[in-house]
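Structural overview
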Amino acid sequence: MSSRPTLPPPPPPVEIRTWPDREAMLADRAFILGALVRMHLGPARLGVLVMWAGLAAFGWLLVGSGLVMFEQASADFFSGIAGLLTLLLGVGALIPAVILVSLHLARDREIRALLVEWGALDRDPERDRELRLPGMSLVWLLLSFVLAAGGLALCVIGPASARPGDDTYGMVALIMGLGMVAWLTGLIGAVKALAHRRWVLRVLAAPAPDRLTPDPLTPAGGRSASSGPRPPGSGTPSPSPDR
């Protein structure tokens, strides 16, 4: 059984909402938005992303080591057998890591959609202040920048510093693969931090929707404006006077 928390449903349509008053709606909105923000940008999500990136790096480390052993197989038969086993172990660790990161990204898209829908219900400046998380966003952004910069450096410096005859193709692929894992992990983290900041500016800091002005098509009596008699000149014949 999965231990991941279940995502809340989107807000109900206007015609079937059952909140007794605005305060009850704001309380539910704050509770659900708080849970969604923790699922999207909480410390636990950062740890999970780093763990999956570590699994991918470990898998590629084994794959790169297997490639290096294959290049030495012409001189040693056992190096070829060890390279094949190492390569299979690396693929066995790399494939689950890629699948888990893909599921992570898909879940993030769902969370961001729910954040927009629930945030658009109304504005609550007091409770919304707790959802901004500027410190946590900065931590995500700084760590992501360090990972992305380090990974990009490995991808560039590894091939550039390789010396023909001393460094094998497998070693270059190993270094570039580790750099690519770090760069992609940093890119994912930076996108999450910037997406949260964009949500804060476009949803929480946007002007509140006007909830007090009645809909001109639905008067206070509950009857649609189209159900009453239309004034003369509106396209319907006016009642004729008694003759």
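Residues numbered from 1 in each chain as written. Predicted model: local features only at pLDDT ≥ 70, side-chain atom pairs only at ≥ 80, totals over all residues. Heavy atoms only, no water.

**Re the overall build of the chain**
The secondary structure content of the chain amounts to six helices and zero strands. Reading the chain from its N end, one meets helices and strands in the order α-α-α-α-α-α. Out of the 243 residues in the chain, the part that is buried amounts to 33%. Sequence-distant contacts in the chain: of pairs separated by 6 or more residues, those separated by 24 or more amount to 84%. Total accessible area on the chain is roughly 15400 Å²; 69% of this is exposed by carbon and sulfur atoms. (Helix = DSSP H or I, 4+ residues; strand = E, 2+ residues; numbered from the N terminus. Buried < 20%, exposed > 50% of the residue type's maximum accessible area, 1.4 Å probe, protein only. Contact = heavy atoms within 4.5 Å. Areas by Shrake-Rupley, 256 points an atom, 1.4 Å probe, with all protein chains shown as cover.)

**Structural notes on the pattern of salt bridges**
If you walk through the whole model with that rule in mind, you get seven salt bridges. With its nearest N and O atoms 2.8 Å apart, the salt bridge here joins E23 to R127. With E23 in helix α1 (residues 22–41) and R127 in helix α4 (residues 125–128), the pair connects residues that are 104 residues apart, well separated along the chain. Residue classification places E23 among the partly exposed positions, given a relative accessible area of 45%. The shortest N-O distance in the salt bridge between D124 and R127 comes to 2.6 Å. With relative accessibility at 9%, the residue D124 sits in the buried group. Among the residues examined, R127 registers a relative accessible area of 29% and is labelled partly exposed. (Salt bridge = Lys/Arg side-chain N within 4 Å of Asp/Glu carboxyl O.)

**Looking at the nonpolar core**
The biggest cluster of nonpolar side chains holds 18 residues, and the ones touching the most others in it are L36, L115, W118 and W199. Looking at this core, the elements that each hand over two or more residues are α1, α3 (77–119) and α6 (169–204). Among the elements that line this core, the one with the most residues is α1, at seven residues. Apart from residues lying up to four places away in sequence, L115 is in contact with L33, L36, V37 and W199. Counting nine residues, the second-largest nonpolar core is a separate cluster that includes M136, W140, I188 and A193. (Core = buried A, V, L, I, M, F, W, Y, C linked by side-chain atoms within 4.5 Å.)

**So, the packing of helix α5 (residues 134–161) against α6**
Contact geometry of α5 with α6 gives a least axis separation of 7 Å together with a crossing angle of 155°. In terms of axis orientation, α5 runs roughly antiparallel to α6. The crossing of α5 and α6 is left-handed. Across the contact of α5 with α6, the residue classes break down as 18 nonpolar, nine polar and one charged. (Axes fitted to C-alpha atoms, helices over the stretch in contact; angles between N-to-C directions. Parallel < 35°, antiparallel > 145°, perpendicular 65-115°, else oblique. Left-handed = near helix turned anticlockwise from the far one by under 90°. Nonpolar A, V, L, I, M, F, W, Y, C, P; charged D, E, K, R; others polar.)

**Topic: the environment of Y169**
Tracing the chain through its elements places Y169 in helix α6. With relative accessibility at 73%, the residue Y169 sits in the exposed group. In this structure the C-alpha to C-alpha distance between Y169 and G64, which are 105 residues apart in sequence, comes to 9.5 Å.

**A look at unusual backbone geometry**
One non-glycine residue, L133, adopts positive backbone phi at about 50°. Within the element layout of this structure, L133 appears in the loop between α4 and α5. Relative accessible area serves as the criterion here: at 28%, L133 is assigned to the partly exposed category.

**Re the environment of G42**
The residue G42 is located in the loop between α1 and α2 (43–71) in this model. Among the residues examined, G42 registers a relative accessible area of 7% and is labelled buried. Taking the C-alpha atoms as reference points, G42 and M136, 94 residues apart in sequence, are found 7.5 Å from one another.

**Let's talk about the packing of α1 against α6**
Think of two packed helices as two axes; the pair is described by the angle between the axes and how far apart they sit. Interhelical geometry of α1 versus α6 gives an angle of 160° and a closest axis separation of 11 Å. Considered as vectors, α1 and α6 are oriented roughly antiparallel to each other. Remark: the crossing between α1 and α6 carries left-handed chirality. Note on element contacts: α6 touches α1 through K192, A193, H196, W199 and L204, opposite R29, L33, V37, H40 and L41. Taken together, the residues that form the contact of α1 with α6 break down as six nonpolar, two polar and two charged.

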